[in-house]
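Each chain, written out:
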Amino acid sequence: MSIETMNYINALKSRKLRDVKVASFDRQDFIKKQDNKCSKCKKDLRPGYYKINVDPKTKEKSAICSDCLITIPERR
């Protein structure tokens, strides 16, 4: 590491900071609130094959199944 980086890290360590609480949520509780269903297609969510998205504007969370995440166009 460079001297500037070490000085910056030392300055951060020497400051007295308040405890910072990180907001988090339990995925299992969230999935139960959504009735273990996909927010788009309403199919059952398979363990490990879903993603929880957070809308940046409304801060609303939604669980989406893997089938809805990846859309493949139909052949003609």
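Our subject is the structure that appears above.
All of these numbers come straight from a predicted model, not from anything done at the bench. (Residues numbered from 1 in each chain as written. Predicted model: local features only at pLDDT ≥ 70, side-chain atom pairs only at ≥ 80, totals over all residues. Heavy atoms only, no water.)

A. Region of the structure containing the pattern of salt bridges. This structure, assessed with the given rule, holds 2 salt bridges. Between Asp44 and Lys37 there is a salt bridge, with the nearest N and O atoms lying 2.8 Å from each other. Overall, the relative accessible area of 51% leaves Asp44 in the exposed class. The salt bridge involving Arg46 is made with Asp67; its shortest N-O contact spans 4.0 Å. Placement of the pair is Arg46 in the loop between α2 (27–33) and β1 (50–54) and Asp67 in helix α3 (residues 66–69), with a sequence separation of 21 residues. A relative accessible area of 43% means that Arg46 is categorised as partly exposed. For Asp67, a relative accessible area of 49% translates into the label partly exposed. (Salt bridge = Lys/Arg side-chain N within 4 Å of Asp/Glu carboxyl O. Buried < 20%, exposed > 50% of the residue type's maximum accessible area, 1.4 Å probe, protein only. Helix = DSSP H or I, 4+ residues; strand = E, 2+ residues; numbered from the N terminus.)

B. Spatial organisation of the packing of aromatic side chains. Tallying each qualifying case throughout the model produces 0 aromatic pairs. The cationic tip of Arg46 hangs over the ring face of Tyr49; the distance from NZ or CZ to the ring centre is 5.1 Å. (Phe/Tyr/Trp six-rings, centres within 6.5 Å; stacked < 30°, edge-to-face > 60°. Lys NZ or Arg CZ within 6 Å of the ring centre and 35° of its normal.)

C. Molecular detail of the side chain of Gln34. Here Gln34 shows up in the loop between α2 and β1. Only 3.1 Å separates the side chain of Gln34 from the backbone oxygen of Ala63, close enough to count as a polar contact. (Polar contact = N/O pair within 3.5 Å; in protein donor to acceptor, adjacent residues only side chain to side chain.)

D. Quick peek at the pairing of strand β2 (residues 61–65). Judged by how many residues are buried, β2 sits mostly within the fold: 4 of 5 residues are covered. Relative to β2, β1 is paired through 5 bridges, and the arrangement is antiparallel. Following the sheet pairing, Tyr50 is matched in β2 by Cys65. Following β1, the chain reverses through 6 residues before pairing antiparallel with β2; Lys59 in that reversal takes a positive phi of roughly 60°. (Pairing = 2+ DSSP bridges.)

E. Layout of the environment of Glu60. By the secondary structure assignment, Glu60 is in the loop between β1 and β2. Glu60 sits in the exposed class, given a relative accessible area of 54%. Ignoring anything within four residues of it in the chain, the contact list for Glu60 reads Asn53, Val54 and Asp55. (Contact = heavy atoms within 4.5 Å.)

F. Highlighting the nonpolar core. Among the nonpolar cores identified, the biggest contains 9 residues, and these are Phe30, Ile31, Cys38, Leu45, Ile52, Ala63, Ile64, Cys65 and Cys68. For this core, the elements supplying multiple residues, two or more each, are α2 and β2. No other element matches β2, which puts 3 residues into this core. (Core = buried A, V, L, I, M, F, W, Y, C linked by side-chain atoms within 4.5 Å.)

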